[in-house]
Amino acid sequence: MQTTTTNPNVKRANLPIWEPLAKLSSSVPEAWNEEGFIFRLDGLIFVFAMFGLAETWRKNRFIFIWFAVDILILLAWQTKWAQYILVATVPLSFIAAEGIKVTGRSIADWWQTRNRLRKDAVKSSTKETRQALPWLVPGLLFFFILTIVPIVYQFAMSTTTLNGTSLRDGLQGGIMREVLGGVNGQIAIPPEDAELDRSKVHFVGLWNYPETVNFLSEVEMIFFSYFWTITSVALQVVLGIGAGLLLWRTGGRMRKLWQAIFILPWAIPEAVGALLWLNILCAVQRLAGIGGEKYGAEIPFGGMMGWEKDPNKVLIVMLMAALWYGFPFIMLAVSAGLKMIPRDVFDAAAIDGADSWQTFRYVTWPMLQPLVLPAVLVRAIFAFNQFYLFQMFLPYYQNISMTTLSSFSYYVLYGGREFAFSATINIISLVLLSGFVLLLYRRNKTAEDAVYA
Amino acid sequence: MPKKFSQALAQIGLVLIGLYVLLPIWGILRLSFDGALTSAPTEFRWLPKEPSFEPFLKVLDRPYQSVEFATLFKNSMVVSSMATLAAIVMGTSLAYAFARFRFPGRKPGLLLLLLTAILPPIAFAPPLYILLNLLGIRTTHFGLIIVYAAFAMPFCIWNMRAGFQSIPKELEEAAFLDGASQFVTFLRVSLPLALPSIAVAAIISFLTAYSEFTIGWLFMDQSDMVTLAMAIYAIIQSGSAQPYSQLGSLALIVSVPAIAIFLFFQNTLLERMLFGAIDE
């Protein structure tokens, strides 16, 4: 791949391997071309394409392969200029069209089942509601004070310009003054270029949102959050299932010992775990300055020297640590699931002459699914929210394109004292997380309905 | 023969995963028992240069600046246990209501509860910072207790709800028919039966508060008010002023209780952390 370019700018740009995916999933930054596009829906199209992938594979394999080949070329090609992604936009659009159909169909399905269930559902009775009241009132009161009030207040903060400079005014009631005034219409949203008194809080309505979303997608942070969630959880699932199966085959006393060792990373608090990996990697980093020449690449992780300057290596480092944290949880779920499978099933598979892959694919995996899928979902939520790992490592590699929303929100708050900005990011991540909630809730409903059956 | 071969392969696989798991742990162990370090480590070593317990003893005396270990430990215990207690006590009645009664708005309420349970703690930090400041209690232990209780409460409610739900309704009805009031039934029948779930919720929220340090750090500004875990962050923030062997020792001391609890309750904790999403 050395010959793909001789342009020194390619090296200087230092773009990561996954850059084409980030560009494919986001619009052309406004600064590049302010008037060239009437609307920018690339993000939405990409999301629909993700929904449509499976259906396209089933219905129109040609388009799927066309898309896959384009993506592989883009990933392998050393030059990562943004315009190159145009080769993949046509198949992407076809797949997105399929995705829109799929989404529409599942919404219609959901609506129908909802209406059917609603007819059969046991209505909440007035009697029970009255019985519930003495339990609801105190509980809701506390929940309201501890959870809802902070979130609502945070939303209020996100409609202002509160930061370190205007903090004093904010603490003297400036936030409520501005927000209430703004909602009542007494305070007008100042125009973008207005000279504002920086020591005072100002109401800006919802204008922080488009600005923040634009910023987050231009630095590719939203893309990275999902990219990170998918890659890190995929690795955790592979190692978790692998370790679970290995343990299961070992059996006996050794199994207990290995299992106790393997779940250590799960038991260690995440912040301390980040510290452990930082210790290992910084030993390497410091060596690069002091003894690197002497030891060369022969020390452990020697090949990772200078990782903090190369985004690809940064991702490898972070994945290594995240895999370490995350695989034990999946492994435990796998172990718990394997215990429930009766031995006879495997004997039957063996008699039918199934090889080990077939046994796994058609016997083990289907029986593991009910336990492993929720574990994957929980790990995905953890990965999306991953905080301490990035919080500890970010000062070393200093690339905000490679961080999650929650750790970036911390930096904005702690380093920049941009309270309103941080609050806006938190509300945005709350919205993004609600997708996970629906997935979790759907899995939970079976158990939920059973109680009232 | 192939069976032996595949068994050997399995053993090699286990050893490799074991090495991967233990490597960073070994790294911190050798760091914390190295008496020769005076600041950050400058070279790579497999074994401590001068094995010694001194860093440990130093940490057990005064972990950072001149604050005593006992003070920090007390702060940790007070803050984490009070936050846990608050989250559990305040959450129980809502958990019970969600588990037992059908009332209007129950379903959206559950969704909201689940959403708040999976929010990252940092999502509560900016508003709590301002609100606690407005109340004038931001830098007190009471303020910190509120912060950690807010982090823990949604998850606790969600968990206790699952606990209450798994109790057969007939048991309560029987007590009710025997003439016990709603409250007595709850106190004598449901609460004792749900205790295991409540205990698990308590353990998880205790550990969260006990091992959290960066977000709590935002709220504190006096060195003798912080928790044990926050002392780790204090040492990191101070750069290389203190030997990293002490940082390592402190990290180990903080994690040991967590590790013990996880090893002991692994299966129960696994089930709880799946948000009850297992099909039974």
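Residues numbered from 1 in each chain as written. Chains lettered and ligands numbered in written order. Predicted model: local features only at pLDDT ≥ 70, side-chain atom pairs only at ≥ 80, totals over all residues.

Peer 1: Is there a simple way to explain the overall build of chain A in this structure?
Peer 2: When you go through chain A residue by residue, the secondary structure sums to 19 helices and zero strands. Within chain A, the fraction of its 453 residues that count as buried is 40%. Of all intrachain contacts in chain A linking residues separated by at least 6 positions in sequence, the fraction that spans at least 24 positions is 69%. (Helix = DSSP H or I, 4+ residues; strand = E, 2+ residues; numbered from the N terminus. Buried ≥ 20, exposed ≤ 12 C-beta atoms within 10 Å, placed from the backbone. Contact = placed C-beta atoms within 7 Å.)

Peer 1: Explain the packing of helix α6 (residues 126-157) of chain A against helix α3 (residues 69-100) of chain B to me, please; I cannot follow it from the model alone.
Peer 2: For any two helices packed against each other, one specifies the crossing angle of their axes together with the interaxial distance. Following both chains from N to C, one finds α6 of chain A and α3 of chain B inclined at 135 degrees, their axes separated by 7 Å at the closest point. The angle between α6 of chain A and α3 of chain B places the two elements in the oblique class. The hand of the α6 of chain A/α3 of chain B crossing is left-handed. Residues Ala132, Trp135, Leu136, Pro138, Gly139, Leu140, Phe142 and Phe143 of chain A of α6 of chain A pack against Met90, Gly91, Ser93, Leu94, Tyr96 and Ala97 of chain B of α3 of chain B. Considered class by class, the residues forming the contact of α6 of chain A with α3 of chain B number eleven nonpolar, three polar and no charged. (Axes fitted to C-alpha atoms, helices over the stretch in contact; angles between N-to-C directions. Parallel < 35°, antiparallel > 145°, perpendicular 65-115°, else oblique. Left-handed = near helix turned anticlockwise from the far one by under 90°. Nonpolar A, V, L, I, M, F, W, Y, C, P; charged D, E, K, R; others polar.)

Peer 1: Can you help me understand the nonpolar core in this one?
Peer 2: Burial of nonpolar side chains together is a common tendency in soluble globular proteins. Formed by 201 residues in total, the largest nonpolar core has its most connected members in Ile330 of chain A together with Ala149 and Ile232 of chain B. Looking at this core element by element, the count peaks at 17 residues for helix α14 (residues 311-340) of chain A. Apart from residues lying up to four places away in sequence, Ile330 of chain A is in contact with Gln236, Val237, Gly240, Ile241, Val372, Ala375, Val376 and Arg379 of chain A. (Core = buried A, V, L, I, M, F, W, Y, C linked by C-beta atoms within 7 Å.)

Peer 1: Got a minute to help me understand helix α17 (residues 388-397) of chain A in this structure?
Peer 2: Think of an α-helix as turning once every 3.6 residues; residues three or four places apart then point the same way. All names here are of chain A. Along α17, eight of the ten residues are buried, which leaves the element largely enclosed by surrounding structure. Looking at α17, one finds that the buried residues are Tyr388, Leu389, Phe390, Gln391, Met392, Phe393, Leu394 and Tyr397. Gln398 sits one or two positions beyond α17 and adopts a positive phi of about 45 degrees.

Peer 1: Quick question: what am I supposed to make of the interface of chain A and chain B here?
Peer 2: By a widely used convention, the size of an interface equals the accessible area lost when the partners come together. In this assembly, 87 residues from chain A lie in contact with 75 residues from chain B. Taken together, the residues of the side of chain A that touches chain B sort by class into 62 nonpolar, 21 polar and four charged.

Peer 1: How should the confidence of the model for chain A be read in this particular structure?
Peer 2: Reading predicted coordinates in detail is not appropriate for stretches of low pLDDT. All names here are of chain A. Averaged over every residue, the pLDDT of chain A is 83; the share at 70 or more is 89%. Within chain A, helix α13 (residues 292-295) has the poorest average pLDDT of any element, 51, and helix α9 (residues 221-250) the best, 92. Here residues 287-293 is modelled with pLDDT under 50, and outside its nearest four sequence neighbours on either side it reaches eleven contacts, counting other chains as well. Confidence drops under a pLDDT of 50 for residues 446-453, and excluding neighbours within four residues, the segment shows six contacts in the predicted structure. (pLDDT = per-residue confidence, 0-100.)

Peer 1: Honestly, the environment of Phe48 of chain A in this entry has me stumped. Any pointers?
Peer 2: All names here are of chain A. Relative to the helices and strands, Phe48 is located in helix α3 (residues 42-59). Residue Phe48 is classed as buried on the basis of its C-beta count, with 21 C-beta atoms lying within 10 Å. For the pair Phe48 and Phe144, spaced 96 residues apart in sequence, the C-alpha to C-alpha distance is 36 Å.

Peer 1: Can you walk me through α6 of chain A in this structure?
Peer 2: When the terminal C-alpha atoms of α6 of chain A are compared, their 38 Å separation across 32 residues is substantially less than the 46 Å that a helix rising 1.5 Å per residue should span. Of all the bends found along α6 of chain A, the most pronounced is centred on Leu133 of chain A and spans about 45 degrees, while Pro134 of chain A, a proline, follows it within four residues. (Expected span 1.5 Å × (residues − 1). Bend = angle between axes of the 7 residues up to and from the residue.)

Peer 1: Help me out: how do you make sense of unusual backbone geometry in this one?
Peer 2: Negative phi characterises most residues that are not glycine, and trans characterises most peptide bonds. Residues and elements named next belong to chain A. Backbone geometry places Glu220, a non-glycine residue, at a positive phi of 65 degrees. With respect to the helices and strands, Glu220 occurs in the loop between α8 (208-218) and α9. Overall, the presence of 21 C-beta atoms within 10 Å leaves Glu220 in the buried class. In the Ramachandran plot, Arg417 falls in the positive-phi region, its phi being about 55 degrees despite a non-glycine side chain. Locating Arg417 in the fold gives a position in the loop between α18 (405-414) and α19 (419-452).

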